[in-house]
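Residue-level structural notes
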Amino acid sequence: MSIKNKVVILSGLLMSVFSFGQNVIMGDVGYLESNPADCSTFGVGGNNFFDDGSAGNYSANFNDTTVFCPDLSQGTKMTLTFAINAGFTFDVDGSDSIYIYDGPNTSAPLLGVHNSVTNPNGFAYTASWNNPSGCLTVVFISDGAVEGTGWSANAQCGNQAQPFEPHIEAFVNGQGANALNPIDTGFVDICFGDSILFVAKPIFPNSLEITGYGYSQNVNNVDYEWYISDGGTYPNNDSIWFTPPARNGYLVDLKITDAFPQIERMLCKVRVSQLPSFVGTGPEEDTVCLGQNTNLIGGVTPTDTVGIDIPPGTFELGGSFAGLTYLPDGSGAQYQAPIDISGFPQGATVSNSQDLNQVCITMEHSYLGDLEIALQCPNGTQVTLLNSYGPGFIPGGTSGGMTYMGDPIDDSGGGGPGEGWEYCFSSVFNDWGDYPTEFAAGNTIPAPNFGNNNPSMNPNGVYLPEDDFANFAGCPVNGQWTIIVQDNLGIDDGYIFEWGLFFDPSFFPGASSYQNIVVSEAWQNDPTIISNQSDTLIVVQPNAAGNYGYTYGITDDFGCNYDTTVFLYVLPLPEIQGDTLGCNLGVQLTGTSSYSGGIWTSLDSVVVFEPDSTATNPLVSASLPGTYLITYTDNSCGVDTSLFVTFPPYPYTEVSDTTLCNGTEFEIYALTDPFSNPDDVLYTWYDMNGTQLATGQYLTVSDEGQYIISITNDCGDLHTDTSLISYKLCDIKVPNIISLSSIDGNNLWFVTADGIAEFECVIVNRWGNTIYTFNDVNGSWDGTTEAGKLVAEGTYFYRIRATDEGGEEYNLHGFIHVVH
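The helix and strand inventory of the protein chain stands at 2 helices and 65 strands. A compact globule built from 820 residues should have a C-alpha radius of gyration of about 28 Å, whereas the protein chain, at 61 Å, is more than 25% larger. Out of the 820 residues belonging to the protein chain, those deemed buried represent 49%. For the protein chain, restricting intrachain contacts to residue pairs at least 6 apart in sequence, the fraction spanning at least 24 positions comes to 70%. Surface summary for the protein chain: the accessible area is close to 35,800 Å², and the carbon and sulfur share equals 49%. Side-chain charges in the protein chain split into 15 positive and 93 negative, and the spacing between the mean points of these groups amounts to 21 Å.

To continue, consider the sheet that holds strand β13 (residues 168–172). One open sheet holds the 3 strands; their spatial order is β13-β15-β17, and the pairing between them is antiparallel. Of all the strands in the sheet, just β13 and β17 (239–242) have a single pairing partner and so form its edges. Across this sheet, the average inter-strand angle for adjacent strands is 20°, counted without regard to direction. Where β13 meets strand β15 (residues 196–200), 5 bridges bridge the pair, whose relative direction is antiparallel. In the sheet register, I168 faces β15, and the bridge partner there is A200.

Looking now at the state of the cysteines. All told, the structure shown has 8 disulfides when counted by the stated rule. The partner cysteine of C39 in its disulfide is C157, sulfur to sulfur 2.0 Å. Measuring the twist about the S-S bond at about -135°, one finds the C39-C157 disulfide to be left-handed. Of this pair, C39 sits in the loop between β3 (30–31) and β4 (49–50) while C157 sits in strand β12 (residues 150–158), and the two are 118 residues apart along the sequence. On the accessibility criterion, C39 (5% relative accessible area) is buried. Through a disulfide, C377 is tied to C475; the S-S separation comes to 2.1 Å. Because the torsion about its S-S bond is -55°, the bridge between C377 and C475 counts as left-handed. Taken together, the residues C377 in the loop between β29 (371–376) and β30 (382–387) and C475 in the loop between β34 (462–463) and β35 (479–487) connect sequence positions 98 residues apart. For C377, a relative accessible area of 1% corresponds to the buried category. Free cysteine: C268, not disulfide-bonded; nearest cysteine sulfur from C560 at 18 Å.

A separate point is unusual backbone geometry. A cis amide bond links N181 with the next residue in sequence, P182, at an omega value of -5°. For the bond running from F260 to P261, omega is 10°, close enough to zero to count as cis. Inspection of the secondary structure assignment puts P261 in the loop between β18 (249–257) and β19 (263–272). The backbone of L72 sits at a positive phi, close to 70°, despite the residue not being glycine. Taking the relative accessible area as the measure of exposure, L72 reaches 24% and is therefore partly exposed. In this structure, D184 takes a positive phi of about 70° despite not being glycine. Classification of D184 by relative accessible area gives buried; the value is 13%.

Moving on: the side chain of T551. Relative to the assigned elements, T551 resides in strand β41 (residues 546–556). Within the local environment of T551, its side chain forms a polar contact with the side chain of T565, the two groups lying 2.9 Å apart. Aside from chain neighbours lying at most four places away, what touches T551 is A522, W523, Q524, D563, T564 and T565.

Turning our attention to the packing of aromatic side chains. Per the counting criterion, the structure on display carries 35 aromatic pairs. Ring geometry for F49 and F68: centres 4.9 Å apart, planes at 75°, overall edge-to-face. A residue pair is termed long-range when its members are at least 10 positions apart, and F49 in strand β4 and F68 in strand β5 (residues 63–68) qualify at 19 residues. F68 shares its class with F49; the two are buried. Relative to Y796, the ring of W781 lies with its centre 6.0 Å away and its plane at 70°, an arrangement referred to as edge-to-face.

A few words now on the pairing of strand β22 (residues 294–297). The sheet contact formed by strand β20 (residues 282–283) and β22 spans 2 bridges and is antiparallel. The residue bridging G282 from the neighbouring strand is I297, located in β22. Note that β22 and strand β40 (residues 537–540) share 4 bridges and pair antiparallel. Bridging from a neighbouring strand, I297 pairs with L537 of β40.

Per the counting criterion, the structure on display carries 4 salt bridges. Among the salt bridges present, the one from R271 reaches D189, with a minimum N-O distance of 2.8 Å. Within this pair, whereas R271 is found in strand β19, its partner D189 is found in strand β14 (residues 187–190), the two being separated by 82 residues in sequence. Note on R271: relative accessible area 19%, which makes it buried.

Moving on, we come to the environment of S366. Its location among the elements puts S366 in the loop between β28 (356–365) and β29. When the C-alpha positions of S366 and G494 are compared, they lie 6.2 Å apart, and in sequence the two are 128 residues distant.

Mapped onto the elements of the fold, T684 is located in strand β54 (residues 681–686). Apart from residues no more than four positions distant in its own chain, T684 is found in contact with Q692, A694, T695, I708, I709 and S710.

Here we come to the nonpolar core. Formed by 51 residues in total, the largest nonpolar core has its most connected members in I168, V188, F198, W226, V270, W523 and Y550. The residues touching V270, leaving out its near neighbours within four places in the chain, are V188, I190, I196, F198, F242, P244, N248, G249, Y250 and V252. Core analysis: the second largest hydrophobic core is formed by 34 residues, I361, I373, M457 and C475 among them.

Glancing now at the confidence of the model for the protein chain. When pLDDT is averaged along the protein chain, the result is 85, and 90% of the positions lie at 70 or above. pLDDT under 50 marks residues 1–21. Its contacts with residues more than four places away, or in other chains, come to 140 contacts. Every residue in residues 317–329 is under pLDDT 50, and counting partners more than four places away or in other chains gives 72 contacts.

Quick look at the environment of V566 now. With respect to the element layout, V566 can be found in strand β42 (residues 561–571). The spatial distance from the C-alpha of V566 to the C-alpha of Y550 is 5.4 Å, given a sequence separation of 16 residues. Setting aside residues up to four positions removed in sequence, V566 forms contacts with T281, G282, P283, W523, Y548, G549 and Y550.

This part is about the sheet that holds β54. Taken in spatial order, the 5 strands make up an open sheet running β51-β58-β57-β54-β55, and their pairing is mixed. Edge positions in the open sheet fall to β51 (658–661) and β55 (692–695), since each of these has one partner strand only. On average, each strand axis in the sheet is inclined to that of its neighbour by 30°, with strand direction left out of account. Strand direction decides the pairing type here: β54 and β55, joined by 3 bridges, are antiparallel. What sits directly across from W685, in β55, is A694.

A one-sided burial pattern is seen for strand β46 (residues 607–610), the buried positions being V607 and F609 and the unburied ones V608 and E610. Bridge count between β46 and strand β47 (residues 619–622): 4 bridges; the pairing is antiparallel. When the sheet's bridge partners are listed, V608 is paired in β47 with S621.

Quick look at a nonpolar patch on the surface now. On the surface, Y669, L671 and Y698 cluster together to form a nonpolar patch covering roughly 290 Å² of accessible area. Assessed through its relative accessible area of 42%, L671 is described here as partly exposed.

Rules of the game
- Residues numbered from 1 in each chain as written.
- Predicted model: local features only at pLDDT ≥ 70, side-chain atom pairs only at ≥ 80, totals over all residues.
- Heavy atoms only, no water.
- Helix = DSSP H or I, 4+ residues; strand = E, 2+ residues; numbered from the N terminus.
- Rg over C-alpha atoms; globule rule 2.2 N^0.38 Å.
- Buried < 20%, exposed > 50% of the residue type's maximum accessible area, 1.4 Å probe, protein only.
- Contact = heavy atoms within 4.5 Å.
- Areas by Shrake-Rupley, 256 points an atom, 1.4 Å probe, with all protein chains shown as cover.
- Lys, Arg positive; Asp, Glu negative; His and termini not counted.
- Charge placed at Lys NZ, Arg CZ, Asp CG, Glu CD.
- Pairing = 2+ DSSP bridges.
- Axes fitted to C-alpha atoms, helices over the stretch in contact; angles between N-to-C directions.
- Disulfide = S-S within 2.5 Å.
- Polar contact = N/O pair within 3.5 Å; in protein donor to acceptor, adjacent residues only side chain to side chain.
- Phe/Tyr/Trp six-rings, centres within 6.5 Å; stacked < 30°, edge-to-face > 60°.
- Salt bridge = Lys/Arg side-chain N within 4 Å of Asp/Glu carboxyl O.
- Core = buried A, V, L, I, M, F, W, Y, C linked by side-chain atoms within 4.5 Å.
- pLDDT = per-residue confidence, 0-100.
- Patch = residues over 30% accessible without salt bridge, like charges linked within 9 Å, V, L, I, M, F, W, Y side chains within 5 Å.

What follows is the structure, encoded as structure tokens:
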């Protein structure tokens, strides 16, 4: 019977039997390697090894050797059993000794020295696996003091269970290197959704295939039982696929059983990455204005973790598994199978009967009346599970009589194991009383297969142990737990296949957890992250309105990647129409949008908003023409957005009449009023026939006539004016005498000109030296030099270069008479 949902730690023990055969007297050479025993018949007749005293005590001063070697084909190991019941006798004085060596001679390791003082109930040995010969060497030495009656013992050979090594490998998604760390019993750390290929890799160093004797062991003739704590069913195969169904830890128990049957187990663990919570990751403000800075929280530094919470992973964590322990029959010695428990909190102890739910042993035995079974915790405290013999190592004891355990093969030896049944013991979850109570009540069932329907201890319920598990109070949970079995009498045989401890799932719940950590993290690159990328708080400035997302990702210690995207709602900037024109000193604004309204303002007092400044699209008017800056400030973000409104004045222009020198080109310039910007109106020139001549503020003409200027503003208002252009003959008249002393005369020399645009006059003396220069057509010469010195009387010369308004050039020269 088993209890589900427990931490299970299993171990196997073996009680092995062999055959009986031909008689050997101490001192005989026995069966050497060169002449081994025929294991198919040796020991068939029962006790076959005796001291040299055929009718009384053994000889005094005896010192001789006998060797027992198996044939290695029918049997691989020798076993010697000395006992005091069921036809066995054992009486060796304390001054005499039997020496047992693990090999074919006395050079082999000494296994023990024995007599009736050291071992009153007898003893037993089997050749070890470090002894490939399988032989045992016996030396008996007696002195001349006191001699006992000697012994009637059994020497037998047979095939023991052949130890093998269980190994397991794991490949994530069937690829890469072995992922178990440490190897065999460690962890496979994966991401959720990954699959694991588990592969059993047992090694059989003692198999028939390797040694040439024993029985066959290979990967194809052993059974594989996979148990995974997800509760799934897995095939009897050396490899399986496992995809964890949830984000938990899982125990993976591999049980390998050979043909003997011998059981080896291997336990490893799967840890699935835990889904992190990003609840604390995100913006300090969920709504921001476009262009505004804000902080995003989330990050991991060597000293701080913010915005990320990874829950612990949980699974039931037990200890390691004990290996197979051989239990010879009838020796009265204790045989132990330890389990090393780890993984519980440091210093944790058992506090009550329920902390250890139950102990289960799978076994068969052909005589329950000589068994003692106890469980020992790491501090040495022992609790009796079953005591059917007295006196043994456990005080008291109620004989179980001829009752079987399981369905055993009950013969004189060598028949191999029968069928093991699971017997469980619990101080809290028991169905029945302890074994003595149930034995007295006749609580047995028939052993139907091998046991010829003889009564066997009923396995279909949980027994009360003979000592309460409360006696373990104060025992450390971590450490070595040991099952102790003692078979006190001969002839019967049996096997303990495996045993296990089941801890309550609520016992120390913190012991069954694991914690992922973040090994790398980052906010995904974004141009709007403006600072603190290596901190737990970053500064961002979104550059687009609407929902703006930022992605934060982490990688945990299992190599699993997770990310979250957090969103800011970015309020849009207010939108208004572009620069506009206001005709007749007024304009209706359109196209204004704002998240929560706003207010219109202007620095110019001549600007008015109707119906008021909070209207979305107000009517804007001005008392004077001009261009004015109008600003809209939204209520949510306080952002200013502006436009220029131009209120053009009514158009006005003016041109003048002009008389020009013949052949002169002339630009007529159209004047405007002070409020008008010449660039804001359209100028169009026409002749008297209405033919368009040009556009622009200027018109170049070379003919007489009337020229009409039409000026139009952006609002379509029109004003015109007309310029009359006339032409005349232009000339230069030059005098030839200057009288400097004249009171009424011409004491200044000058020219008379009309329509001259450019002019230069140079006065030189008779030697060609320049005396005076002037460039103004209306200028004159007063008879002095450039330095202001009066010139002497005489004749001087002038040279005139000029261009009239029509572009005609004049080159004149002549003389001037200067008189005083």
